[in-house]
Amino acid sequence: MVYHSSLKVDDEIQQACSCPILPLKSHIRGPAPTAEAGSMDIIDEAINYFRANVLFRKFEIKGPADKLLVYLTLYINMALKRIEACKTEADGVKAIINLGLEKFPIPGEPGFPLGGLFTAPQTREEGDLLRNYFKQVREETSGRLMEKVYRQNGTPNKWWLAFAKRKFMNIMMPL
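Here the structure is a predicted model, which means the values were calculated and not measured.

Quick notes on the rules
Residues numbered from 1 in each chain as written. Predicted model: local features only at pLDDT ≥ 70, side-chain atom pairs only at ≥ 80, totals over all residues. Heavy atoms only, no water. Helix = DSSP H or I, 4+ residues; strand = E, 2+ residues; numbered from the N terminus. Expected span 1.5 Å × (residues − 1). Buried < 20%, exposed > 50% of the residue type's maximum accessible area, 1.4 Å probe, protein only. Arc of directions from axis to C-beta. Contact = heavy atoms within 4.5 Å. Axes fitted to C-alpha atoms, helices over the stretch in contact; angles between N-to-C directions. Parallel < 35°, antiparallel > 145°, perpendicular 65-115°, else oblique. Left-handed = near helix turned anticlockwise from the far one by under 90°. Nonpolar A, V, L, I, M, F, W, Y, C, P; charged D, E, K, R; others polar. Polar contact = N/O pair within 3.5 Å; in protein donor to acceptor, adjacent residues only side chain to side chain.

Enquirer: So what's going on with helix α3 (residues 89–101)? Residues and values would help.
Expert: Between its terminal C-alpha atoms α3 stretches 18 Å, which fits the 18 Å expected from 13 residues at 1.5 Å a residue. Those residues of α3 not exposed but buried are G92, A95, I96, L99 and G100. Down the axis of α3, the buried set is contained in an arc of 135°. They therefore lie on one face. Among the exposed residues of α3, those pointing more than 90 degrees away from its buried face are K94 and L101. Elements that come into contact with the buried residues of α3 comprise α2 (64–84) and α4 (124–149).

Structure follows, in structure tokens:
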């Protein structure tokens, strides 16, 4: 059974390209509102459900937060592929920082892997809002993922890196 997001999206939550701008527990600047301390945000859900969800070829979207969960699952998979080639934690951190600095496509641009899931931006402002939100989410996800992928002593956690070889929904984000 696929794990869906438990976050409820109501009319008060801003959306861009049919993607909810959900609150995050983040120190990284961006358009996301701040989540309550001690609560679970979409990044926590994506990391916690990744190893179970990546095993599935189909994912039924049951709410707007599930769209972001699918995007983050694909991003985590791509990040693990980058980290997999790194021998040390320092190399992994470099790879993740470089991944965060790369330009990435948003809905409506060539190369975006989930074209049917998100709508293309209607205005330039909407596109910029989504790009900035995705950038913030990707950077925060990368930071939290590093805590899971590497142990306290700096060695890679094979129970996480083994999932780098899996394809989620038979989709692979471009490396």
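Having seen the structure, we can now continue with the description.
Enquirer: Could you give me a rundown of the packing of helix α1 (residues 42–53) against α2, with the residues and numbers involved?
Expert: Contact pair α1 / α2: the axes reach a minimum separation of 9 Å and the direction vectors enclose 65°. Overall, the two elements α1 and α2 adopt an arrangement that is roughly perpendicular. By crossing handedness, the relation of α1 to α2 is classed as right-handed. Contacts from I42, I43, E45, A46, I47, F50 and N53 of α1 reach α2 at A65, L68, L69, L72, T73, I76, N77 and L80. For the contact of α1 with α2, a count of residues per class yields eleven nonpolar, three polar and one charged.

Enquirer: Requested: an account of the environment of E139, with residues and values cited.
Expert: Summarising the element assignment, E139 is placed in helix α4. For E139, a relative accessible area of 25% corresponds to the partly exposed category. Through-space distance from the C-alpha of E139 to that of S6 is 22 Å; in sequence the pair is 133 residues apart. Sequence-distant contacts of E139, that is, excluding residues within four places in its chain, are made with I28 and G100. Only 2.4 Å separates the side chain of E139 from the side chain of K135, close enough to count as a polar contact.

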